[in-house]
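Coordinate inspection notes
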Amino acid sequence: MPAERMRLRAWIEHQADNGQLPGLEWEDRGKGIFKVSWKHASRQCWNCNRDACVFEGWAPHSGRYRPGIDKPDPRRWKGNFRCALNALPDIHELPNQGIARGQDAYKVYQIVKKTEKKDGGHSKRGQNKCKY
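Values in this document were obtained by computation on a predicted structure and should not be read as measured data.

Description of the pairing of strand E1 (residues 24–28)
Bridging between E1 and strand E2 (residues 33–37) involves four bridges; their strand directions are antiparallel. Bridging across to E2, leucine 24 finds its partner in valine 36. Hairpin remark: E1 followed by E2, antiparallel, with four residues in the connecting loop; positive phi at glycine 32, about 75 degrees.

Listed below in structure tokens is the structure:
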């Protein structure tokens, strides 16, 4: 892991900007809207090397996975990534803009300006607790 790692928002922006991580791309950079491939692993069309790239990319960066030491666990990587996204006050899902099922499934998120609140000003404390 790098000496000073990027936080998830900066990591997403960097990865989407350089376009080298399959499954993560800008839908509208100006509005902060990006999409993440979100295929279900039980589908026949799912391929770990293609469909878990975003989750696998975040896992070692976050310190949750050490390549060559830990056993690869795409399910856990995806869960950790989802929990990290849900915990951020400046990123929210645009649920009606993604595709939930099938071989082209993806979720759409928006990075909101720091002056806007993800939850309309209400505290998220105690909600969406994730266990690692």
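So, next bit.
Concerning the pattern of salt bridges
For the coordinates displayed, the defined rule picks out five salt bridges. Between aspartate 17 and arginine 29 there is a salt bridge; the shortest N-O distance is 2.9 Å. With a gap of 12 residues between them, aspartate 17 in helix H1 (residues 8–18) and arginine 29 in the loop between E1 and E2 connect regions that are remote in the sequence. A salt bridge links lysine 35 to glutamate 25; its shortest N-O distance comes to 3.9 Å. Remark: glutamate 25 occurs in strand E1 and lysine 35 occurs in strand E2; sequence separation between them is 10 residues. Residues joined in a network through salt bridges with shared partners are Arg9, Glu13 and Asp90.

Examining the packing of H1 against helix H4 (residues 74–87)
Interaxial distance between H1 and H4 falls to 10 Å at its minimum, and their mutual angle equals 110 degrees. In terms of their interaxial angle, H1 and H4 are classed as roughly perpendicular. The segment H1 lies against H4, with Leu8, Trp11 and Ile12 engaging Phe81, Ala84 and Leu85. Among the residues forming the contact of H1 with H4, the class breakdown is six nonpolar, no polar and no charged.

Notes on the nonpolar core
Counting 25 residues, the largest nonpolar core has Leu8, Trp11, Ile12, Leu24, Phe34, Val36 and Phe81 as its most contacted members. Breaking this core down by element, the ones donating at least two residues are H1, E1, E2, helix H3 (53–62), H4 and strand E4 (106–111). Per-element accounting of this core gives the leading share, five residues, to H3. With sequence-adjacent residues up to four places away left out, tryptophan 11 is seen in contact with Met6, Leu21, Leu24, Val54, Gly57, Trp58, His61 and Phe81.

Procedures and definitions
- Residues numbered from 1 in each chain as written.
- Predicted model: local features only at pLDDT ≥ 70, side-chain atom pairs only at ≥ 80, totals over all residues.
- Heavy atoms only, no water.
- Pairing = 2+ DSSP bridges.
- Helix = DSSP H or I, 4+ residues; strand = E, 2+ residues; numbered from the N terminus.
- Salt bridge = Lys/Arg side-chain N within 4 Å of Asp/Glu carboxyl O.
- Axes fitted to C-alpha atoms, helices over the stretch in contact; angles between N-to-C directions.
- Parallel < 35°, antiparallel > 145°, perpendicular 65-115°, else oblique.
- Contact = heavy atoms within 4.5 Å.
- Nonpolar A, V, L, I, M, F, W, Y, C, P; charged D, E, K, R; others polar.
- Core = buried A, V, L, I, M, F, W, Y, C linked by side-chain atoms within 4.5 Å.
- Buried < 20%, exposed > 50% of the residue type's maximum accessible area, 1.4 Å probe, protein only.

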